Amino acid sequence: MADRLTVAGFATAHVTGLTVLVLLGFHLRSTLGGILEPIGTVTGVLLFGVLWGVAIVTHHYGFGASEPWSVDDRRTAIRLFGAGFAWGALTGAGTFWVLAILGLSGLLVADPSAIVDILSFPTLLIVLLGTALSLVIGGAVGLVAAAFDLGVGDVVDRIRASRSRK
Amino acid sequence: MPSTEFVLPVQAAALAVRWIHFIALAAILGGALAVALPDRPSLTLARRYEFLFWVAIGLVVVSGIGNVGRLAPNVPAFESRWGRLFALKLIAVVGLIAVSTVRSGIVARTGNDGDVDRRWYLLTAGWVAALAAIAVVMARG
């Protein structure tokens, strides 16, 4: 029960927290309207849904090795940051790949002859560069998420310790 | 000029997004009170609430983006009154997520014979009520 709660809680906390902070950043610069207009509601919901789904899958496997809420000695900072970077990178690349597959599938359904363009060198180069970029961005976000998890784990430890002393 | 057939689904979708936002917030608020108010808060209910909370907060965020997206590209600037309230609301949502991660952590690590601290759920309910108040002020312009 606790493991499932950990996955659902941390995956959603990371995705929603990141999303709201990005929105806040654009809003503070008064550029939110310009960013949201080309994305559109349906695409925005799809982006968020894919990111959320991929994050739940990667957290399910990632937190098996570094459970931030566990009390055992595996919850060391170096393990948590390592796992955060690795699973964050996989979340970024996984999200990019799901979106790429969805987009390219849509192209193929609309025009089957587009397969020639999809298999061309420029498209494959874009996929390669996109994968590398999403790995780096995801890894960086994973490090921030790991710092957040470490802080949360320590706060939970302190609260539980103070409650047990009473 | 968009056709009537296109405009109606867009309006229906916008209404659905608003209802999802409202119902998800109501579920977070009502669920927190349901855990907090009984004489002896139930751990089983608290664990179920934590799952409900994380699903609901995801829906709140995605439907919130949909609501703001409808205003694009004319989202009021941060310097306006609406803009400052919106920034305050976003910061409050980040705070709610952070507090809820700690609350979920405590529940996840509470043994089956452990007690639920109702103050976390009262805090959550109060926080969501404050968020709703900000939303009402924003809606009034």
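The structure displayed is predicted, hence computed values, not measured ones. (Residues numbered from 1 in each chain as written. Chains lettered and ligands numbered in written order. Predicted model: local features only at pLDDT ≥ 70, side-chain atom pairs only at ≥ 80, totals over all residues. Heavy atoms only, no water.)

## Quick word on the overall build of chain B
The number of helices and strands found in chain B is four helices and zero strands. Helices and strands in chain B line up, N terminus first, as α-α-α-α. Projecting the C-alpha coordinates of chain B onto the three principal axes gives extents of approximately 65 × 35 × 20 Å. Expressed as a percentage of the 141 residues in chain B, the buried residues total 48%. (Helix = DSSP H or I, 4+ residues; strand = E, 2+ residues; numbered from the N terminus. Buried < 20%, exposed > 50% of the residue type's maximum accessible area, 1.4 Å probe, protein only.)

## Thoughts on the packing of aromatic side chains
Residue and element names in this part refer to chain B. Under the criterion given, the structure shown has six aromatic pairs over all chains. Taken together, a centroid distance of 5.7 Å and an interplanar angle of 90 degrees make the contact between W19 and F22 edge-to-face. You can see W19 and its partner F22 sitting in helix α1 (residues 4-36), three residues apart, about one turn around the helix. By relative accessible area, F22 is classed as exposed at 53%. Each ring, one from W82 and one from F86, has its centre 5.2 Å from the other, and the planes form 20 degrees; the classification is stacked. (Phe/Tyr/Trp six-rings, centres within 6.5 Å; stacked < 30°, edge-to-face > 60°.)

## A few points about a nonpolar patch on the surface
Residue and element names in this part refer to chain A. On the surface, L18, V22, L133, I137 and V141 cluster together to form a nonpolar patch covering roughly 400 Å² of accessible area. Looking at the nonpolar patch, the element that brings in the most residues is helix α6 (residues 121-165), giving three residues. Along the chain, the position of L18 falls in helix α1 (residues 2-28). Judged by relative accessible area, L18 falls into the partly exposed class, the value being 33%. (Patch = residues over 30% accessible without salt bridge, like charges linked within 9 Å, V, L, I, M, F, W, Y side chains within 5 Å. Areas by Shrake-Rupley, 256 points an atom, 1.4 Å probe, with all protein chains shown as cover. Salt bridge = Lys/Arg side-chain N within 4 Å of Asp/Glu carboxyl O.)

## Examining the packing of helix α3 (residues 81-108) of chain B against helix α4 (residues 118-139) of chain B
All names here are of chain B. Where α3 meets α4, the axes come as close as 10 Å, and the angle between the chain directions of the two elements is 165 degrees. Taken together, the axis directions place α3 and α4 in an arrangement best described as roughly antiparallel. As for the relative orientation of α3 and α4, their crossing is left-handed in sense. Taken together, the residues of the contact of α3 with α4 sort by class into 21 nonpolar, two polar and three charged. (Axes fitted to C-alpha atoms, helices over the stretch in contact; angles between N-to-C directions. Parallel < 35°, antiparallel > 145°, perpendicular 65-115°, else oblique. Left-handed = near helix turned anticlockwise from the far one by under 90°. Nonpolar A, V, L, I, M, F, W, Y, C, P; charged D, E, K, R; others polar.)

## Some thoughts on the environment of H59 of chain A
Residue and element names in this part refer to chain A. The residue H59 is located in helix α3 (residues 41-62) in this model. In this structure, the C-alpha to C-alpha distance between H59 and A8, residues 51 residues apart in sequence, is 8.3 Å. Not counting the four nearest positions on each side in its chain, H59 is found in contact with V7, F10, A11 and H14. (Contact = heavy atoms within 4.5 Å.)

## Topic: the pattern of salt bridges
Residues and elements named next belong to chain B. Inspection of every chain in the model, using the stated rule, returns four salt bridges over all chains. One salt bridge in this structure joins R40 and D115, with 3.1 Å as the shortest N-O distance. Of this pair, R40 sits in the loop between α1 and α2 (43-71) while D115 sits in the loop between α3 and α4, placing them 75 residues apart in sequence.

## Regarding the packing of helix α4 (residues 77-110) of chain A against α6 of chain A
Residue and element names in this part refer to chain A. Close contact between α4 and α6 brings their axes to 6 Å; oriented N to C, the two are set at 145 degrees. Read as a crossing pair, α4 and α6 show a hand that is right-handed. When the residues that make up the contact of α4 with α6 are grouped by side-chain class, the tally is 16 nonpolar, nine polar and one charged.

## Some remarks on the side chain of T58 of chain A
All names here are of chain A. Tracing the sequence through the fold places T58 in helix α3. Here T58 falls in the buried class, since its relative accessible area comes to 9%. Of the polar contacts made by the side chain of T58, one reaches the backbone oxygen of A55; its length is 3.1 Å. (Polar contact = N/O pair within 3.5 Å; in protein donor to acceptor, adjacent residues only side chain to side chain.)

## A word on the nonpolar core
Nonpolar side chains tend toward joint burial in soluble globular proteins. In terms of nonpolar packing, the biggest core is built from 58 residues, with I28 and Y121 of chain B touching the most fellow members. Listing elements by their share of this core, those giving two or more residues are α1, α2 (32-39), α3 and α6 of chain A together with α1, α2, α3 and α4 of chain B. With 14 residues, the single largest contributor to this core is α3 of chain B. Residues within four places of Y121 of chain B in sequence aside, it is in contact with A32, V35, A36, A46, Y49, E50, R103, V107 and V116 of chain B. (Core = buried A, V, L, I, M, F, W, Y, C linked by side-chain atoms within 4.5 Å.)

## Some thoughts on unusual backbone geometry
Here the bond from A72 of chain B into P73 of chain B is cis, since omega is 5 degrees, no more than 30 degrees from zero. With respect to the element layout, P73 of chain B can be found in the loop between α2 and α3. A positive phi angle, close to 55 degrees, is found at S30 of chain A, a residue other than glycine. Following the sequence through the fold, S30 of chain A ends up in the loop between α1 and α2.

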